[in-house]
Amino acid sequence: MHDLAEFRKNLDLFSKRLATRGDTEYLAPFRELDRNRRAAITEAEELKAARNAANSEISKLRREGVDSVEAQRRSAEMKDRISTLDRIAEAIEEEFRGLMAGIPNLPQESVPVGHSANDNIELRRSGTPRTFDFNPQPHWDLGPALGILDMARAAKVTGARFAFYIGMGAKLERALINFMLDVHSREHGYTEVLPPFLVNSDSLFGTGNLPKFGQDLFKCENHDLWLIPTAEVPVTNLYRDEILEAEQLPISFCAFTSCFRSEAGSYGRDVRGIIRQHQFQKVELVKFTSPEQSQTEHEKLTADAEDILMRLGLPFRTVVLCTGDMGFSSSKTYDIEVWLPGQNDYKEISSCSNFEAFQARRANIRCKTAKGKAEFAHTINGSGLAVGRTWVAIVENYQQQDGSVLIPEALRPYLNAERITKDGVK
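Residues numbered from 1 in each chain as written. Predicted model: local features only at pLDDT ≥ 70, side-chain atom pairs only at ≥ 80, totals over all residues. Heavy atoms only, no water.

Participant: Please set out the nonpolar core residue by residue, giving values where relevant.
Facilitator: With 49 residues, the main nonpolar core has Leu172, Leu176, Trp391 and Leu411 as its most contacted residues. Counting only elements with at least two residues in this core, the list comes to α5 (139-146), α7 (168-186), β10 (279-289), α10 (294-312), β12 (332-340), β13 (345-356), β16 (378-386) and α12 (387-397). Ranked by residues supplied to this core, first place goes to α7 with nine residues. Those residues in contact with Leu172 that sit more than four places away from it in its chain are Trp391, Ile394, Val395, Leu411, Leu415 and Ile420. (Core = buried A, V, L, I, M, F, W, Y, C linked by side-chain atoms within 4.5 Å. Buried < 20%, exposed > 50% of the residue type's maximum accessible area, 1.4 Å probe, protein only. Helix = DSSP H or I, 4+ residues; strand = E, 2+ residues; numbered from the N terminus. Contact = heavy atoms within 4.5 Å.)

Participant: I'd love a proper account of a nonpolar patch on the surface, names of residues and values included.
Facilitator: A grouping of Val157, Phe164 and Ile166 is seen on the molecular surface, where their side chains present a nonpolar patch of about 260 Å² in accessible area. By secondary structure assignment, the location of Phe164 is in strand β3 (residues 164-165). (Patch = residues over 30% accessible without salt bridge, like charges linked within 9 Å, V, L, I, M, F, W, Y side chains within 5 Å. Areas by Shrake-Rupley, 256 points an atom, 1.4 Å probe, with all protein chains shown as cover. Salt bridge = Lys/Arg side-chain N within 4 Å of Asp/Glu carboxyl O.)

Participant: Kindly report on α10, identifying the contributing residues and their values.
Facilitator: Compared with an ideal rise of 1.5 Å per residue, which puts 19 residues at 27 Å, α10 spans 28 Å between its outermost C-alpha atoms and is within 8% of the ideal. Residues of α10 that are buried include every one of Ser294, Glu297, His298, Leu301, Thr302, Asp304, Ala305, Glu306, Asp307, Ile308, Leu309 and Leu312, and no others. Downstream of α10 by one or two residues, Gly313 has phi in the positive range, about 70°. (Expected span 1.5 Å × (residues − 1).)

Participant: Break down the packing of aromatic side chains for me, citing the residues and quoting the values.
Facilitator: In total, this model carries 12 aromatic pairs according to the counting rule given. Measuring from centroid to centroid gives 6.4 Å for Phe253 and Phe288, while their planes differ by 85°, and the two rings are edge-to-face. Residue Phe253 is located in strand β9 (residues 251-260), and its partner Phe288 is located in strand β10; the two are separated by 35 residues in the primary sequence. Both residues of the pair, Phe253 and Phe288, count as buried. Feature note: the residues Phe7, Phe14, Phe30 and Phe96 constitute an aromatic cluster, connected by ring pairs. A cation sits over an aromatic face here: Arg8 above Phe96, 4.4 Å from the ring centre. Here Arg366 stacks its cationic end above the ring of Phe376, 4.2 Å away from the centre of that ring. (Phe/Tyr/Trp six-rings, centres within 6.5 Å; stacked < 30°, edge-to-face > 60°. Lys NZ or Arg CZ within 6 Å of the ring centre and 35° of its normal.)

Participant: Explain the pairing of β12 to me, using residue names and the numbers behind them.
Facilitator: Residues in a regular strand point their side chains to alternate faces of the sheet. Buried residues dominate β12, accounting for nine of its nine residues. With burial as the criterion, each face of β12 is covered, one bearing Lys332, Tyr334, Ile336, Val338 and Leu340 and the other bearing Thr333, Asp335, Glu337 and Trp339. Pairing analysis gives five bridges linking strand β11 (residues 316-320) to β12, with the strands arranged antiparallel. Looking at β12, one finds that Thr318 is bridged to Ile336. By the bridge criterion, nine bridges tie β12 to β13 in an arrangement that is antiparallel. Across the sheet, the residue bridging to Asp335 is Ser351, located in β13. Remark: four residues form the turn of the hairpin made by β12 and β13, two consecutive strands paired antiparallel; Asn344 in that turn has positive phi of roughly 50°. (Pairing = 2+ DSSP bridges.)

Written out as structure tokens, the structure is:
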């Protein structure tokens, strides 16, 4: 969330930068509210000055023994009007806070201006997509054929966009989770944390999911509890309403959770397979930094996520999102996209975002500078990685002509196997 005083003071600048995101619909009501607020404050100040003068006149009339009833009546009327104007100004301030909650973050100057994913800019690639001497199959065919994935029975049990991982399918998912957590906690310097999978509304407001994106979430009936869309929400709110010491920063966490999303805005997208599910597993990376550290730590976090793909031998590319394709709370986002031969395309497997002070202001997370002054911290997060999509990438990239799937060398110690076959493992 933005600082209201700064937003008012620099409205034209904010408007210009937010327009690059395509977000301008709130500016007209903001300006109208600001005019009404200024009018109420101006009238109240003028009336207060007039009432002070009237009260001085009343005192003078009393000293002189002159009737002051009419002057007192006018003073009382002014007092009532001032009270009304104060209530109007207070109500407008409340409207301002509601309006500010729906205004997205400012993009950094280095973010390319664009309208959609077509305007994102590729920064780098790692690995070369494999050339097959047979027709590669998508995971929604490979998984059932190997007996490691069952979406049909999941649809019976729960509904569309759910899956059963079975046998080596479940073990591969678990191996990926442990592998990612081990690398990030042992080698990349993150502290592992296992957070709650349910959060309250204040937590979702803090990360920018509420109030604007409530339709994308699952809420527990009769409770102020929501299923988390990502571990970003509980982990970021770990320090809500707290002040961090300068020497603590940066703080780096990694967390495994299941994630739950209604996918309200994705109708018709990735309907086959497990690319876009209502429930999926993810290992999340979250950092709390000082403003001076955040850009460097954003780059480090992105490299940490990329390292997982490199160790697994999966081809990927990294793109910087344009202004029109960034998430609501982000000031800059790198998307890491893994190559999926079954779909002959790159698919996003991690979004690594710097939110600067946007989330910290909403969640009231502050940090002390070296001089002891408290300011809003910066928050950064990204998937390290989305486990289900990594599962898909392994199954599709390591498939063999006989229908089996080789297990990447980095995962073999976790599975005690080299290959997934229809009959089990080898």
